[in-house]
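# Topology and contacts: notes
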Amino acid sequence: MDTVIQSLPNLWPSQLLPRPWAEQAFPLNRSDLELTYLGRNAVWRAVRQLGLAGAEVIAPAYHHGVEIAALLAAGARVRFARVDAAMRLDLEHLEAQIGPETRALYVIHYAGFPQPMAPLQELARRRGLLLIEDCALALFSQDGSVPLGSRGDAAIFCFYKTVPVAHGGALLLNAWPKPPPLPKPRPPPLLSTLSHLAGSVLFSLELGLGAPGRAARNAIKSVTRDFRQRANAVDVPVGTQEFDPEAVDLGMSSLTEQVLRAAEAQEIIRRRRANWLFLHQRLGEPGRSPWEELPAGVCPLFYAIRVNDKDQALATLRARGVDAVDFWRFGHPSAELERFPEVDALRRQIVELPCHQDLGTEQLERVVHAAREVITSH
Ligand SMILES: Cc1ncc(COP(=O)(O)O)c(C=O)c1O
């Protein structure tokens, strides 16, 4: 059987060897970037550092859920603004939500596609509000030539969705004067990082070698059971929907930082754009993707398609060996979906297809083939 086409890029053993740092792209080229264990920790820190505890923040009704949990855990109150069927924030609705207690606007750039930053900056300035850019899905992405995350008073990032690292988020504070710093994040448990890395490397063994790699992976897993049990005991999970206050002060491990800083951002951007365009040319139909084109500068996180029956579509794609993702079916429970019918539809319909840098033509053809089956049958 063909190996499964993963939704995230995988860590290859060569990427663990000491390598010189690549040219650091934004935001890694900023010396004031604070590296955290996860993006959610950066959201929490942004609220605390910008003094937003007790204040109201307006956030989009279309969200992951954990960023809202982090805002609330840090002490902010959240009101929701409308997002339309093309995943654009409705600025009129957003402005109508602003009340006397509102202190900040929280904007999410979906899958690398920018929200309209110029009018958002103008709105924030006019109403005396702070602007926070959530770039968890938009690492290395630009609005034309302006990096996403460079214009808000604060920006948060998540690395493991774009680069093959075991964990990693970051906070960038552009607000001036700089608010007083919080205590530096502490390193995460080494065993937890090692076990995430080992899992990823073993998986790439299987991807690279097929059946012999799978056998080697199983053999290595059986002799390292003891290590894995100890690692499980200190594991700090990645990619959950829950905000864990116990992990809020964790930073990035130096091993993860090394892998991250050695990643070739320009090559990642080039490949992701080419792969997105390949899928769009082969699958694009009016209304099927929320985005009609790939604007200059965008580093796409995935290719989104709308389907009528998500469960069935996901089952078909997975049966064809494509690890398609059920994108954001559930948000934070405090956002009432009855008020946001377009968001409700996005949650019911959007499936995420991979377009990451590890995929070559053969795998993309498999994605197209499986996705076509979904499109024609549902
Ligand atoms: C929009 C958005 N913001 C923030 C986060 C939090 O990122 P992390 O998983 O690194 O905590 C996520 C996670 O998926 C997200 O989708």
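Below you will find a few notes about this structure. (Residues numbered from 1 in each chain as written. Predicted model: local features only at pLDDT ≥ 70, side-chain atom pairs only at ≥ 80, totals over all residues. Heavy atoms only, no water.)

## A closer look at the environment of Val368
Note that Val368 resides in helix α12 (residues 361-377). Judged by relative accessible area, Val368 falls into the buried class, the value being 1%. Here the alpha-carbon distance between Val368 and Val201, two residues 167 residues apart in the chain, equals 27 Å. Apart from residues no more than four positions distant in its own chain, Val368 is found in contact with Phe278, Leu279, Arg282 and Leu283. (Helix = DSSP H or I, 4+ residues; strand = E, 2+ residues; numbered from the N terminus. Buried < 20%, exposed > 50% of the residue type's maximum accessible area, 1.4 Å probe, protein only. Contact = heavy atoms within 4.5 Å.)

## A few points about the pattern of salt bridges
Per the stated rule, a full pass over the model turns up 23 salt bridges. Two residues, Asp90 and Arg82, come together in a salt bridge whose shortest N-O distance is 2.5 Å. By relative accessible area, which is 26% here, Arg82 ends up partly exposed. Each of the salt bridges in this network shares a partner with another, and the network as a whole consists of Glu95, Glu122, Arg126 and Arg127. (Salt bridge = Lys/Arg side-chain N within 4 Å of Asp/Glu carboxyl O.)

## Focus: unusual backbone geometry
Residues Phe26 and Pro27 are joined by a peptide bond in cis, for which omega reads 5 degrees. The omega torsion across Trp176 and Pro177 is 0 degrees, close enough to zero to call that bond cis. Along the chain, Pro177 turns up in the loop between β9 (169-173) and α5 (190-209). Positive phi, normally seen in glycine, also occurs at Phe140, with a value near 65 degrees. Unlike most non-glycine residues, Trp328 shows phi in positive territory, near 50 degrees. Following the sequence through the fold, Trp328 ends up in the loop between β11 (325-326) and α11 (341-349). On the basis of relative accessibility, which here comes to 9%, the residue Trp328 falls in the buried class.

## Remarks on the packing of helix α10 (residues 310-319) against α12
Contact geometry for α10 and α12: axes closest at 9 Å, N-to-C directions at 150 degrees. Between α10 and α12, the angle falls in the class roughly antiparallel. When the axes of α10 and α12 are compared, the crossing they make is right-handed. Here α10 contributes Ala313, Thr316 and Leu317 to the contact with α12, which in turn contributes Ala370, Ala371, Glu373 and Val374. Considered class by class, the residues forming the contact of α10 with α12 number five nonpolar, one polar and one charged. (Axes fitted to C-alpha atoms, helices over the stretch in contact; angles between N-to-C directions. Parallel < 35°, antiparallel > 145°, perpendicular 65-115°, else oblique. Left-handed = near helix turned anticlockwise from the far one by under 90°. Nonpolar A, V, L, I, M, F, W, Y, C, P; charged D, E, K, R; others polar.)

## Some remarks on the site of the ligand
Close contacts around the ligand come from 14 residues, with Gly39, Arg40, Asp134, Tyr160 and Lys161 the closest. Asp134 is positioned such that a nitrogen or oxygen atom in its side chain is 2.7 Å from a nitrogen atom of the ligand. Here Tyr160 contributes a side-chain N or O atom positioned 2.5 Å from an oxygen atom of the ligand. Protein chains shield 98% of the accessible area of the ligand, which is 390 Å² for the free molecule. (Near = heavy atom within 4 Å. Polar contact = N/O pair within 3.5 Å; in protein donor to acceptor, adjacent residues only side chain to side chain. Areas by Shrake-Rupley, 256 points an atom, 1.4 Å probe, with all protein chains shown as cover.)

## Digging into the nonpolar core
Core analysis: the largest hydrophobic core is formed by 125 residues, its most contacted members being Tyr62, Phe140, Phe157, Phe159 and Leu353. If one sorts the elements of this core by residue count, α12 sits on top with seven residues. (Core = buried A, V, L, I, M, F, W, Y, C linked by side-chain atoms within 4.5 Å.)

## Some details on the sheet that holds strand β10 (residues 303-306)
An order of β10-β12-β11 is seen for the three strands of this open sheet, with the pairing classed as antiparallel. Because the sheet does not close on itself, it has two edges, and the strands there are β10 and β11. Note: β11 against strand β12 (residues 350-353), two bridges, orientation antiparallel. Considered in β12, the bridge of Asp326 is made with Val351. (Pairing = 2+ DSSP bridges.)

## Some words on the sheet that holds β9
Strands pair in a sheet through their backbones, by hydrogen bonds, and they do so in one of two ways: parallel or antiparallel. Taken in spatial order, the seven strands line up as β1-β9-β8-β5-β4-β2-β3 in an open sheet, and their pairing is mixed. Strands with a single pairing partner mark the edges of an open sheet, and in this sheet they are β1 (34-36) and β3 (77-81). For this sheet, the mean inter-axis angle between neighbouring strands, taken without regard to orientation, is 20 degrees. In the sheet, strand β2 (residues 56-60) pairs with β3 via five bridges, with the strands oriented parallel. Residue pairing across strands places Ile58 opposite Arg79, the latter belonging to β3. Contacts from helix α4 (residues 117-126) reach β4 (102-108) and β5 (130-135) within the one sheet, and its direction differs from that of β5 by about 150 degrees.

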